[in-house]
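# Overview (structure and organization)
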Amino acid sequence: MSSNPPTARRVALVSALTLVGLVAAVVCGLAIGPTSIATAKIIGDVVSHVGIGHSSLSPLQSTVIWQLRAPRLVLGLLAGAMLAVAGGTYQGVFRNPLADPYLLGVAAGAGLGATFAIVDIGGGLNTPTWTPLLAFAGAMVAVAFTWGVGGRGLHSNAATLILAGVAVSALLTSMQTFLQQQSSSNSIARVYIWLLGSLASASWRSVWLVFPYVILCTAICVLSGRALDVMSVGEDESRSLGLPVRRVRFIVIAASSLGTAAIVSAVGLIGFVGIIVPHIVRLLVGTSYRRILPISVVFGAAFLVFADTLARTVMAPSELPLGVVTAAIGAPVFVIILSLRRRMVR
Amino acid sequence: MKVVFQDAATSVADALSQIRQLGRLTGHVARADSLASFMNTYIKADIASVPKHPNKKITVYYEIGTNPYYSLTSKTFVGSLMKSLGLVNIADADSTTADAGYPELSSEYIVSANPKLIFLADSVKASSLAKRPGFSKVSAVANHNVIELNADIASRWGPRLGVLMYQLASEVKKVLHESKLWK
Amino acid sequence: MSNVVVQDLSVRAGTKVLISGVSLDIEPGTWCTVIGPNGAGKTTLVETVAGIRRASSGTVSISGRRLEDMSERERARVVALVPQHPEVPAGMTVADYVSLGRTAYHGLLRAPSAHDRAVVDSVLERLSLREFADRDVITLSGGERQRMVLGRALAQSTMVIVLDEPITGLDLRHQIELLDLLKSEVAECGLTVVATLHDLTLAGQFADRLVLLDAGKVVLDAPASEVIRSDELAHSYGMDLRVVDVDGSDVVVPVRSLRH
């Protein structure tokens, strides 16, 4: 690792390899599963949908591919992309390498909302419709609360926001734990399954529900790269350079939190993607968010689909919770990144 | 005080001998014996009422939990009842020793196994199955052979065992009569 | 031409008064240095002039427009700041760092224009930074680094430039080099400079005008040679100061105080 910022050639190479990884991930997501269906047949089927050749898949195989694997693949791509880009954005806006998309209370709020639905306080809430809805609402309320406590004051800065996020998260988590304690063991098991995250219940409906949020929020995050590069010199200096710091911070935090909340409501809490993906990308292409963010979108999407493929296969026939897989990969990778960084900086 | 432990029954014979044991221990030997032989007669009759169908493989998925989906194999009590009716349990092929006869099944596995008959013992509405991704193409769902079982009856091996057996048997017969489902 | 007018400016932090009742009228093309002991309010004053700190009362205006009426972007095209402790973002190239000065021109969603790049190029050339252009900012020495920060401010193409202790931590040669560089830029572009400096000799030699600040108030505001020789200066610092003429330049020499 040289101490000089990476060259344009290296960035192009990394981008190309990341795209190759994405294609490989898409193939894995469609081709690997409990039922073995030949990859060639699947590709033939995909091509036949564009009007070339004929599909040799049976109707049932076609159902497996298009109703089960495809929505799960797409939801995985969306979740990975969103969590990674939101993590990178948070790290930029807070100038804090440990920032992740759950920093301002999204996770705790969504957890409380989902627990509320699963424990079924109101009666009739424990349905596939209410759980994501309440999780989403909980996440947004939590972030709004954090912003209200720590983000509005005249002298508020990144540090006060982070502290407010920690406090709000702690409060909501304690409420969530309390609710969980009051419920039956059956509900507790379901809450845990939700908390650990999974793509198992993916359907086209869940894909379309999160799609607009993810596209809009990912676009805003990626476009904020230049602003985040300016912010790397700190709030005062970037203001002196003409950056409307407060407005940028609000927009960027709102976008990354909204997108994260949408994803979390659909797939539960999947940890570590938001931290390690931007860090790996940073290690490869340098510190500019104009490069980190777009590459993280692709890298994160590919990473999560690979992780989900592992989750589906290592313990087959049953599935591992996706959050367990990402943490199991994420934690050691994070340690390696830290030691590499320490060696690089001086 | 005397404590007697009765393990989960894994067959009809098991269940009946447990009833007899309870009768002996509580001093109702005669009544327990007559209940057991009464149940035995009826269950045997139920089994006999199902026509033999060696060339017609009726696959079955018995759901005991969702999100993730849990099922049971022929090694379990209810599984043994279904087996005695000549059903082929889709969970058998996907079970390991670790799950003790209650495997977790992925939705892809269930859909590809394409069961002809689905029993729901988890208070799920039969009409909701078509809304699950991919399930609308499953034979049992497409041909309305999804049956909601009373969770209380379906999970116990007491005197009402005959009620469960009767219900299972009549559903199997119904499916057999719609033999146009098979080639 | 841009004149800087400070009117009855007060800045408080909570209940603590940092500066109060400061009024200045700085002519275009003037180099005005604010001096004074630690805690006098120098940094507060220049940061308020640079617009990154809000006035509690009073106003700062440049070319007749009040800073508070300008957007961040407009202000960054009018006044640039060289901060006392600039952040050095590891991993950024020197060229990219200097380009940050163009943020207010190309905006946040567009890439720098050809003109923006030309300005950055010319700054790199003038400040002899071209050979470092692709280096990581953290690999620069203290003198090079400070030149780079100055470069970013010059790239803002403002008529007013504010510098807060720009030569802190530099050795003597680099101190003079940096100030000379600034002087030639000022002469060439007709810049108005508002600076703070601890070194009284250099403050006197490089400024047209000195403002002596003590406890948040202006004690003296006059041509450099006059302030350097004033009794107020010694009084503010609480010690004896002698001014020696060396080849026509004033040199301020502290004398170990006998008063206790």
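Residues numbered from 1 in each chain as written. Chains lettered and ligands numbered in written order. Predicted model: local features only at pLDDT ≥ 70, side-chain atom pairs only at ≥ 80, totals over all residues. Heavy atoms only, no water.

Scanning chain B from terminus to terminus reveals seven helices and six strands. The C-alpha atoms of chain B give a radius of gyration of 17 Å, which matches the 16 Å a tight globule of 183 residues would have. Here chain B, with 183 residues, has 45% of them falling under the buried criterion. Pairs at least 24 residues apart make up 64% of the contacts formed inside chain B by residues separated by at least 6 positions. Counting every atom, chain B has about 9500 Å² of accessible surface; 57% of that belongs to carbon and sulfur. A gap of 7 Å separates the mean positions of the 21 positive and 15 negative side-chain charges of chain B. (Helix = DSSP H or I, 4+ residues; strand = E, 2+ residues; numbered from the N terminus. Rg over C-alpha atoms; globule rule 2.2 N^0.38 Å. Buried < 20%, exposed > 50% of the residue type's maximum accessible area, 1.4 Å probe, protein only. Contact = heavy atoms within 4.5 Å. Areas by Shrake-Rupley, 256 points an atom, 1.4 Å probe, with all protein chains shown as cover. Lys, Arg positive; Asp, Glu negative; His and termini not counted. Charge placed at Lys NZ, Arg CZ, Asp CG, Glu CD.)

A separate point is the packing of aromatic side chains. Under the criterion given, the structure shown has nine aromatic pairs over all chains. Relative to Phe94(A), the ring of Tyr90(A) lies with its centre 5.7 Å away and its plane at 55 degrees, an arrangement referred to as tilted. Linking Tyr90(A) with Phe94(A), this pair stays in helix H3 (residues 59-94), spanning four residues, or about one helical turn. We note that Tyr90(A), like Phe94(A), is buried. Ring geometry for Tyr62(B) versus Phe119(B): centroids 6.2 Å apart, planes at 50 degrees, classification tilted. Here Tyr62(B) is found in strand S1 (residues 58-65), whereas its partner Phe119(B) is found in strand S5 (residues 117-120), with 57 residues between them in sequence. (Phe/Tyr/Trp six-rings, centres within 6.5 Å; stacked < 30°, edge-to-face > 60°.)

A word on the arrangement of the chains. The top pair by number of contacts, from a total of two pairs of chains in contact, is chains A and C. Note that chain B does not reach chain C: the shortest distance linking a C-alpha of one to a C-alpha of the other is 41 Å.

We now examine the pairing of S1(B). Remark: a regular strand shows side chains that alternate across the two faces of the sheet. All names here are of chain B. Among the eight residues that make up S1, seven are buried, leaving the element largely enclosed by the rest of the structure. Relative to strand S3 (residues 87-89), S1 runs parallel, the two sharing three bridges. For threonine 59, the partnering residue across the bridge sits in S3 and is valine 88. Bridge count between S1 and S5: four bridges; the pairing is parallel. (Pairing = 2+ DSSP bridges.)

What follows covers helix H12 (residues 273-285) of chain A. All names here are of chain A. Look at H12: 18 Å from first C-alpha to last across 13 residues, which is about the 18 Å you get at 1.5 Å a residue. Among the 13 residues that make up H12, twelve are buried, leaving the element largely enclosed by the rest of the structure. Among the residues of H12, Val273, Gly274, Ile275, Ile276, Val277, Pro278, His279, Ile280, Val281, Arg282, Leu283 and Val285 are the ones counted as buried. Positive phi shows up at glycine 286, right after H12, with a value of about 90 degrees. (Expected span 1.5 Å × (residues − 1).)

A contiguous nonpolar surface patch, about 370 Å² in accessible area, is contributed by Phe145(A), Val149(A), Leu171(A) and Met175(A). Breaking the nonpolar patch down by element, the ones donating at least two residues are helix H5 (130-150) and helix H6 (158-181) of chain A. (Patch = residues over 30% accessible without salt bridge, like charges linked within 9 Å, V, L, I, M, F, W, Y side chains within 5 Å. Salt bridge = Lys/Arg side-chain N within 4 Å of Asp/Glu carboxyl O.)

Okay, the interface of chain B and chain A next. Taken together, the contact pairs 16 residues of chain B with 18 residues of chain A. Of the roughly 1500 Å² buried between chain B and chain A, counting both surfaces, carbon and sulfur atoms make up 62%. Among the residues chain B hides against chain A, the three largest losses belong to Glu104(B), Glu108(B) and Pro133(B). Together they make up 38% of the total. On the surface where chain B and chain A come into contact, there are one salt bridge. We note a salt bridge from Arg69(A) to Glu108(B), for which the minimum N-O separation is 2.4 Å. Across the chain B-chain A interface, the total number found is two residue pairs in polar contact (both at pLDDT 80 or more). With five residues, the single largest contributor to the side of chain B that touches chain A is helix H4 (residues 107-113) of chain B. (Buried area = accessible area lost by both parts, 1.4 Å probe. Polar contact = N/O pair within 3.5 Å; in protein donor to acceptor, adjacent residues only side chain to side chain.)

Quite often, the size of an interface is put as the accessible area lost when its parts meet. Residue and element names in this part refer to chain B. Domains assigned within chain B are domain 1 (12-49) and domain 2 (58-181). Taken over C-alpha atoms, the centre of domain 1 sits 26 Å from the centre of domain 2. Contacts between the two partners involve nine residues from domain 1, matched on the other side by 13 residues from domain 2. Regarding the contact of domain 1 and domain 2, the summed buried area is about 940 Å², with carbon and sulfur atoms giving 71% of it. For the pair domain 1 and domain 2, the interface holds zero salt bridges. Viewed at the interface, domain 2 and domain 1 are joined by one residue pair in polar contact (both at pLDDT 80 or more). Counting residues per element, the side of domain 1 that touches domain 2 draws most heavily on helix H2 (residues 29-49), which supplies six residues. (Domains from an automatic or database assignment.)

It is worth spelling out the pattern of salt bridges at this point. Taken as a whole and judged by the stated rule, the model has 23 salt bridges over all chains. With a closest N to O distance of 3.6 Å, Arg75(C) and Glu72(C) form a salt bridge. Residue Arg75(C) and its partner Glu72(C) are located together in helix H2 (residues 72-76), separated by three residues, close to a single helical turn. Within the structure, one salt-bridge network assembled from shared partners comprises Arg72(A), Asp308(A), Arg312(A) and Glu319(A).

Once that is clear, we can look at the nonpolar core. Core analysis: the biggest nonpolar cluster contains 169 residues, and Phe94(A), Trp194(A), Ile263(A), Ile118(B), Trp31(C) and Leu150(C) have the highest contact counts within it. Per-element tally for this core: the top contributor is H3(A), with 19 residues. If near-sequence neighbours (up to four positions away) are discounted, Leu150(C) is found in contact with Val82(C), Leu127(C), Ile161(C), Leu163(C), Leu178(C) and Leu182(C). Judged by nonpolar contacts, the second largest core, of 35 residues, contains Ala36(B), Ile43(B), Ile58(B) and Leu117(B). (Core = buried A, V, L, I, M, F, W, Y, C linked by side-chain atoms within 4.5 Å.)

Our next topic: the interface of chain A and chain C. Listed per partner, the contact involves 23 residues of chain A and 35 residues of chain C. Note on chain A versus chain C: buried area summed over both sides is about 2400 Å², and carbon and sulfur give 57% of it. The largest share of the area that chain A buries against chain C comes from Arg226(A), Glu237(A) and Leu241(A), three residues that together contribute 27% of it. At the boundary of chain A with chain C, the tally comes to two salt bridges.

Attention shifts here to empty space enclosed by the protein. Throughout the structure, instances matching the rule amount to two cavities of 30 Å³ or more. As for the largest cavity, its lining consists of Gly29(A), Arg69(A), Arg72(A), Leu73(A), Gly76(A), Leu199(A), Val305(A), Asp308(A), Thr309(A) and Arg312(A). Looking at the lining of the largest cavity, the elements with two or more residues in it are H3 and helix H13 (289-313) of chain A. Of the residues contributing to the lining of the largest cavity, the split by class is three nonpolar, three polar and four charged. Taken as a whole, the second largest cavity encloses approximately 40 Å³ of empty space. Taken together, Gly143(C), Arg147(C), Leu170(C), His174(C), Glu177(C) and Leu178(C) make up the full set of residues lining the second largest cavity. Mapped by element, the contributors of at least two residues to the lining of the second largest cavity are helix H6 (142-155) and helix H7 (172-189) of chain C. (1 Å grid on protein atoms, 1.4 Å probe; cavity = no way out; pocket = protein on both sides within 12 Å on 5 of 7 lines; lining within 4 Å. Points joined across faces, edges and corners; volume = space filled by probe spheres on them. Nonpolar A, V, L, I, M, F, W, Y, C, P; charged D, E, K, R; others polar.)

Here the focus is the sheet that holds strand S6 (residues 79-82) of chain C. All names here are of chain C. In spatial order, the strands read S6-S7-S8-S3-S9-S10; together these six strands make up an open sheet with mixed pairing. Only two strands of the sheet have a single partner each, and these edge strands are S6 and strand S10 (217-223). Going from strand to strand, the sheet's axes swing by 15 degrees on average, the running direction of each strand aside. As paired strands, strand S7 (residues 160-164) and strand S8 (residues 192-196) are joined by five bridges and run parallel to one another. Residue pairing for S8: isoleucine 161 is matched across the bridge by valine 193. The strands touched by helix H1 (residues 42-50) are strand S3 (31-35), S6, S7, S8 and strand S9 (209-214); relative to S7, the strand with the most contacts, the crossing angle is about 155 degrees. Relative to the sheet, H7 contacts S3, S7 and S8, its axis offset from that of S3 by approximately 140 degrees. (Axes fitted to C-alpha atoms, helices over the stretch in contact; angles between N-to-C directions.)

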